Amino acid sequence: MKEILKIDALKTSFKTETGRINAVDGVSLSLKKGAVLGLVGESGCGKSVTALSIMRLLPQPFGRIESGSILFDGKDLATLPSSEMFKIRGRRIAMIFQEPMTALNPVHRVGNQIAEVFRLHFNEMSKKEIKNKSIELLEKVGIPAPEKRFREYPHQISGGMRQRVMIAMALAGKPDILIADEPTTALDVTIQAQILRLIKELQHEYGMSVIFITHDPGVIAMTCDDVAVMYAGRIAENAPVDKLFSEPRHPYTKGILSSIPRLSNKRKTRLPIIEGMVPPLDNLPKGCRFRNRCPDAEDACIEEPDVREIAENHRVSCFAV
Ligand SMILES: Nc1ncnc2c1ncn2[C@@H]1O[C@H](COP(=O)(O)OP(=O)(O)O)[C@@H](O)[C@H]1O
Ligand SMILES: [Mg+2]
């Protein structure tokens, strides 16, 4: 399948009180056209910073892309002038966030916020067309009584409905790529499943490519074609989803997969996730960053492992495999 986005050796840093830290430290990834790529890893592994780098929405003034490239449609988004990026963001690449209120404006009516996306990107559309299209989109994302909701403010609707509104806004530009950053984490389990199903349906219908970010490997199995496991700013493992679940090779991948409750496990107790914590970026262990938590660590791990291709489309950064 053709690649729609190709990230190569991306490094993104933040200025902090103790100096610059690399939140993303040499990440290479590719997203195939029409496919869903999952990014998974514990909190603080650099998933959101990867997404914000693609969108060029890094917190200012402290965040910046240091090096590497993000190729999309013949352009390098890592170095594209802001004025050019403005035309891509929301129109060619759109993003939905964990907390919809970061994207929704509390003082504007829901309908107006969707209409704004149309106004911004399709200036040939008439007012009437924009209104009809907005209501159509609300209906498409499963909002009952869309004409009524159109006139309401974000605080008047539930969290699940707000998430749907944000999806509608993201879809209004008919983007080639949708980045969904933990879009269901703040929702209860039933609503989570509904939203995941919705994103998957719309992805098929619109032929979009999706980057799906989650810390929950259970969600990955439901939604993704390919998966990249991130650890402390780097890729630990990257493979097609079935391969990753059937033959996980990196000890970190094995650890996070074993935290999924299994159906065979009657009590549905969660096995403990790998002991310890992701090391702070200003105090990483020398060599492999996972070394101090790794059950398979050996002498070689004092060096930093490169990401190696161990089988077709299966990449791992670990000396032990
Ligand atoms: N605004 C910021 N300022 C400084 N450091 C940041 C900022 N945002 C993120 N970081 C650093 O980047 C790391 C990765 O963050 P993030 O990508 O948000 O993790 P996650 O995988 O949970 O999405 C954090 O652990 C933190 O060290
Ligand atoms: Mg995040």
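What you see is a predicted model, and the numbers here were worked out from it, not measured in a lab.

**Overview of the overall build of the protein**
- Check the secondary structure of the protein and you find 10 helices and 12 strands.
- Dimensions of the protein, computed from the C-alpha atoms along their principal axes, are close to 70 × 50 × 40 Å.
- Relative to its 321 residues, the protein shows a buried fraction of 41%.

**Structural notes on the sheet that holds strand 6 (residues 93-96)**
- With respect to topology, 8 strands assemble into an open sheet ordered 6-7-8-3-9-10-12-11, the strand pairing being mixed. Two strands close off the open sheet at either side, each with one partner strand: strand 6 and strand 11 (308-311). Sheet twist, expressed as the mean angle between neighbouring strand axes with direction ignored, is 20 degrees.
- By the bridge criterion, 4 bridges tie strand 6 to strand 7 (residues 177-181) in an arrangement that is parallel. Considered in strand 7, the bridge of I93 is made with I177.
- Contacts from helix 1 (residues 47-55) reach strand 3 (36-40), strand 6, strand 7, strand 8 (209-214) and strand 9 (226-231), with the element oriented near 150 degrees to strand 7.

**Re the site of ligand 1**
- Residues in contact with ligand 1 amount to 16 residues; listed here are only the nearest, A23, G44, K47, S48 and V49.
- Residue assignment for the shell around ligand 1 shows that the elements contributing at least two residues are strand 1 (3-16), strand 2 (19-32) and helix 1.
- Grouping the constituent residues of the shell around ligand 1 by class yields 8 nonpolar, 7 polar and 1 charged.

**Description of the nonpolar core**
- By size, the foremost hydrophobic cluster in this structure holds 84 residues, and its most contacted members are L37, A168, A170, I177, I179 and I211.
- A per-element tally of this core places helix 6 (residues 159-172) first, with 9 residues.
- Not counting residues up to four positions away in its chain, the partners in contact with A170 are A94, M95, I96, P175 and L178.

**Some words on the sheet that holds strand 2**
- Here 4 strands make up an open sheet; going across it, the order is 2-1-4-5 and the pairing antiparallel. At either margin of the open sheet sits one strand with a lone partner, and together these are strand 2 and strand 5 (75-76).
- Both strand 4 (residues 63-72) and strand 5 contribute to a ladder of 2 bridges, which runs antiparallel. Residue pairing for strand 5: F72 is matched across the bridge by K75.
- In the packing of helix 1 onto the sheet, the strands contacted are strand 1, strand 2 and strand 4, and the crossing angle to strand 2 comes to about 75 degrees.

**Details of the pairing of strand 10 (residues 234-240)**
- By the criterion of burial, strand 10 is predominantly enclosed, with 6 of the 7 residues buried.
- Bridge count for strand 9 against strand 10 is 6 bridges, and the pairing is antiparallel. Bridge pairing links V227 to A239 in strand 10.
- The hairpin formed by strand 9 and strand 10 contains 2 residues between the paired strands, and A232 there has a positive phi angle of roughly 45 degrees.

**Overview of the pairing of strand 8**
- A large share of strand 8 lies buried, amounting to 6 of its 6 residues.
- With burial as the criterion, each face of strand 8 is covered, one bearing S209, I211 and I213 and the other bearing V210, F212 and T214.
- Sheet topology note: the strand 3/strand 8 ladder contains 5 bridges and is parallel. Bridging from a neighbouring strand, L39 pairs with I213 of strand 8.

**Quick word on unusual backbone geometry**
- A cis amide bond links Q60 with the next residue in sequence, P61, at an omega value of 10 degrees.
- Tracing the sequence through the fold places P61 in the loop between helix 1 and strand 4.
- A positive phi is found at A145, a non-glycine position, where the angle reads about 50 degrees.
- Looking at where A145 falls in the secondary structure, it is placed in the loop between helix 4 (127-140) and helix 5 (146-150).

**Some points on the packing of helix 6 against helix 7 (residues 189-206)**
- Running from N to C, helix 6 and helix 7 point in directions that differ by 15 degrees, and their axes come no closer than 11 Å. When the axis of helix 6 is compared with that of helix 7, the two are roughly parallel. For the element pair helix 6 and helix 7, the recorded crossing hand is right-handed. Residues G160, Q163, I167 and L171 of helix 6 touch helix 7, and the partners they reach there are I191, I195, L198, I199, L202 and Y206.
- In terms of residue class, the contact of helix 6 with helix 7 is built from 8 nonpolar, 2 polar and no charged.

Reading the values: rules and limits
Residues numbered from 1 in each chain as written. Chains lettered and ligands numbered in written order. Predicted model: local features only at pLDDT ≥ 70, side-chain atom pairs only at ≥ 80, totals over all residues. Helix = DSSP H or I, 4+ residues; strand = E, 2+ residues; numbered from the N terminus. Buried ≥ 20, exposed ≤ 12 C-beta atoms within 10 Å, placed from the backbone. Pairing = 2+ DSSP bridges. Axes fitted to C-alpha atoms, helices over the stretch in contact; angles between N-to-C directions. Contact = placed C-beta atoms within 7 Å. Near = placed C-beta within 6 Å. Nonpolar A, V, L, I, M, F, W, Y, C, P; charged D, E, K, R; others polar. Core = buried A, V, L, I, M, F, W, Y, C linked by C-beta atoms within 7 Å. Parallel < 35°, antiparallel > 145°, perpendicular 65-115°, else oblique. Left-handed = near helix turned anticlockwise from the far one by under 90°.

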